[in-house]
Amino acid sequence: MRMFCVLAVLVGANLLNNWLAPGAYVLTCVVAAAALLLIARWDGLTRADLGLDTVALYRGLWWASVLVAAVLAVFLVGLALPATREAFEDERAAGLTLGQLLWRVLIRVPVGTVLLEEVAFRGVLWAMVRRRRGTAWATAVSSVLFGLWHVLPSRGLSRANAAAAVLGTGPTGTALSVAAAVVATTAAGVVLCELRRRSGSLLAPAALHWAVNGFGYVLAWAVPRWRGQD
């Protein structure tokens, strides 16, 4: 019953964010994350089980600093290489104003995307399945659901991202880009779950998640502006 409630919250939040009320994205994410934490408490999970106790948070701060620096370094190398530079050409970020960019990087991503997805997939869901079936099952279930979570938000990927556009922009291309996004985010989910396991802290995967999304927005916004000055 409690697992069903978790899935119901996630389905509802996904539909609201991507279809029914996208303008309330941050509010939906905060409310959904709070609901999931209440379900976790109902299930008997502790802060330590969720990677949110004091020891875990202090440990996560060290992991966070290293991971954020590593992501920035990798992204800058990718931006410098012609073979990978195209991955940063994303119309969704390029068309933002400076104010919209700051909103995305400082509010929407950390308080919306990262908060809900980490609490849901590497926190509550992972801990609930782990207690019942073990770590391997927890990682597998969490990661597959994390991949499926990205079906709706990936529908316009082939039209907005230059790298994804190679798959085509018609119905077939859209289906392929969505499938590729699901596979990629499932794999990312495995990495984030393993990071959660190794660090013992939810802050570590949250930091990596924010760094990838946040720096991705900043660089995709900055690239066309740098080129316009050349």
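Bear in mind the structure is a predicted one, so any value in this text is a computation, not a measurement.

### Some details on the side chain of threonine 139
Of note, threonine 139 is situated in helix H7 (residues 135-149). On the basis of relative accessibility, which here comes to 14%, the residue threonine 139 falls in the buried class. A polar contact of 3.2 Å, which involves the side chain of threonine 139, links it to the side chain of tryptophan 126. Setting aside residues no more than four positions away along its own chain, threonine 139 makes contact with Trp126, Val190 and Cys193.

### A short note on the packing of helix H2 (residues 25-42) against helix H6 (residues 98-133)
Where H2 contacts H6, the axes come no closer than 9 Å and their chain directions differ by 25°. Between H2 and H6, the interaxial angle falls into the category roughly parallel. For H2 against H6, the interelement crossing comes out left-handed. Residues Tyr25, Val26, Cys29, Val30, Ala32, Ala33, Leu36, Leu37 and Ala40 of H2 form the contact with H6, whose own contacting residues are Trp103, Ile107, Arg108, Val111, Gly112, Thr113, Leu115, Leu116, Val119, Ala120 and Val124. Looking at the contact of H2 with H6 residue by residue, the classes come out as 17 nonpolar, two polar and one charged.

What counts and what doesn't
Residues numbered from 1 in each chain as written. Predicted model: local features only at pLDDT ≥ 70, side-chain atom pairs only at ≥ 80, totals over all residues. Heavy atoms only, no water. Helix = DSSP H or I, 4+ residues; strand = E, 2+ residues; numbered from the N terminus. Buried < 20%, exposed > 50% of the residue type's maximum accessible area, 1.4 Å probe, protein only. Polar contact = N/O pair within 3.5 Å; in protein donor to acceptor, adjacent residues only side chain to side chain. Contact = heavy atoms within 4.5 Å. Axes fitted to C-alpha atoms, helices over the stretch in contact; angles between N-to-C directions. Parallel < 35°, antiparallel > 145°, perpendicular 65-115°, else oblique. Left-handed = near helix turned anticlockwise from the far one by under 90°. Nonpolar A, V, L, I, M, F, W, Y, C, P; charged D, E, K, R; others polar.

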